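# Architecture at a glance
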Amino acid sequence: MTTLAPTIYERSFPHVSSAVRNVTLILLGSWLVALLAQIEIPLPFSPVPITGQTFAVLLVGALLGSKRGAAAMLAYIAQGAAGLPFFAGGASGIGILTGATAGYLAGFIVAAYVVGLLAERGMERSFKTSVLPFLVGTVIIYAFGVTWLSTVVGSFGKAIELGLLPFIIGDVIKMVAAGVALPSAWRMVQ
């Protein structure tokens, strides 16, 4: 089974080579994450801001599939590390990859892959099943993010307090939004 973005791309541009299609989709996915990373609400008590990144990661994984989704996250991180203002709030540079949010960035790669894998099995095509890949992806992001954050703040409990609990309500909203958007998009394509 295929995912939504390659399906639309193939229908729209049937004569474009698969290499060009893959590079285009990967770059577009990385730029979507960069765009939504600019939606940032700093929390005065936490080194981790509220951003649109996690929503974008879930969407990119589901839209592009496992390999393209993970590649898009690698491209996003590489572009931000190289100096493009792609990270939360326009931040950039290699220092972000060792800072408080580095674990979340690593989790983006794994989450996009797993969400993409579940999407390749058709789980994002119905609201009843679409929330599961997004829940799994969110858990993966937090597993990486909170674990790394605990090394920065000195304890796992403090990391949960600063890097997980303030974000739960927003992430539930993001999961439901993604769970509604993808099945609706599939219905329009079909």
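Residues numbered from 1 in each chain as written. Predicted model: local features only at pLDDT ≥ 70, side-chain atom pairs only at ≥ 80, totals over all residues. Heavy atoms only, no water.

With that settled, the discussion passes to the packing of aromatic side chains. Going through the model one piece at a time under the given rule, you end up with three aromatic pairs. Measuring from centroid to centroid gives 5.2 Å for Tyr9 and Phe13, while their planes differ by 55°, and the two rings are tilted. Judged by relative accessible area, which is 13%, Tyr9 ranks as buried. Measuring from centroid to centroid gives 6.2 Å for Tyr104 and Tyr142, while their planes differ by 85°, and the two rings are edge-to-face. Placement of the pair is Tyr104 in helix H5 (residues 102–120) and Tyr142 in helix H6 (residues 127–153), with a sequence separation of 38 residues. Residue classification places Tyr104 among the buried residues on the basis of a relative accessible area of 7%. One residue, Arg125, lies across the ring of Trp186, its end atom 3.6 Å from the ring centre. (Phe/Tyr/Trp six-rings, centres within 6.5 Å; stacked < 30°, edge-to-face > 60°. Buried < 20%, exposed > 50% of the residue type's maximum accessible area, 1.4 Å probe, protein only. Helix = DSSP H or I, 4+ residues; strand = E, 2+ residues; numbered from the N terminus. Lys NZ or Arg CZ within 6 Å of the ring centre and 35° of its normal.)

Val33, Val57, Met73, Tyr76, Tyr104, Phe108 and Leu149 are the most contacted members of the largest nonpolar core, which has 35 residues in total. Elements supplying a minimum of two residues to this core: helix H1 (4–12), helix H2 (18–37), helix H3 (53–64), helix H4 (66–81), H5, H6 and helix H7 (156–163). Once you skip the residues sitting within four places of it in the chain, Leu149 turns out to touch Pro47, Val48, Ala100, Tyr104, Ala159, Leu162 and Gly163. Counting 12 residues, the second largest nonpolar core, distinct from the first, contains Leu58, Ala62, Phe134 and Leu182. (Core = buried A, V, L, I, M, F, W, Y, C linked by side-chain atoms within 4.5 Å. Contact = heavy atoms within 4.5 Å.)

Inspection of the secondary structure puts Val110 in helix H5. Among the residues examined, Val110 registers a relative accessible area of 31% and is labelled partly exposed. Separated by 31 residues in the primary sequence, Val110 and Ile141 place their C-alpha atoms 7.8 Å from one another. Non-local contacts of Val110, meaning those with residues more than four positions away in its chain, are made with Ile140 and Phe144.

The final tally for this structure, using the stated rule, is three salt bridges. Here Arg21 makes a salt bridge to Glu10, at a shortest N to O gap of 3.7 Å. In this pair, Arg21 sits in helix H2 while Glu10 sits in helix H1, placing the two residues 11 residues apart along the sequence. Overall, Arg21 belongs to the buried group, its relative accessible area being 12%. A relative accessible area of 38% means that Glu10 is categorised as partly exposed. For Lys158, the salt bridge identified is with Glu161, shortest N-O distance 3.8 Å. (Salt bridge = Lys/Arg side-chain N within 4 Å of Asp/Glu carboxyl O.)

Here we take up H4. Here H4 spans 23 Å end to end across 16 residues, near enough to the 22 Å set by a 1.5 Å rise per residue. Within H4, 12 of the 16 residues are buried, which leaves the element mostly enclosed by the surrounding structure. Within the span of H4, buried status applies to Ser66, Arg68, Gly69, Ala70, Ala72, Met73, Ala75, Tyr76, Ile77, Gln79, Gly80 and Ala81. On the buried face of H4, the contacting elements are H1, H2, H3 and H5. A positive phi of about 120° marks Gly83, the residue just after H4. (Expected span 1.5 Å × (residues − 1).)

So, about H3. Its 12 residues give H3 an end-to-end C-alpha distance of 16 Å, which sits within 8% of 16 Å, the value for a rise of 1.5 Å per residue. Where burial is concerned, most of H3 is hidden: 10 out of the 12 residues are buried. Among the residues of H3, Gln53, Thr54, Ala56, Val57, Leu58, Leu59, Val60, Gly61, Ala62 and Leu64 are the ones counted as buried. Gly65 sits one or two positions beyond H3 and adopts a positive phi of about 95°.

By secondary structure assignment, the location of Arg68 is in helix H4. No salt bridge is formed by the buried Arg68, whose closest oppositely charged neighbour, Glu10, lies at an N-O distance of 5.3 Å. With residues near it in sequence (within four places) discarded, Arg68 still touches Pro6, Arg21, Asn22, Leu25 and Ile26. (Lys, Arg positive; Asp, Glu negative; His and termini not counted.)

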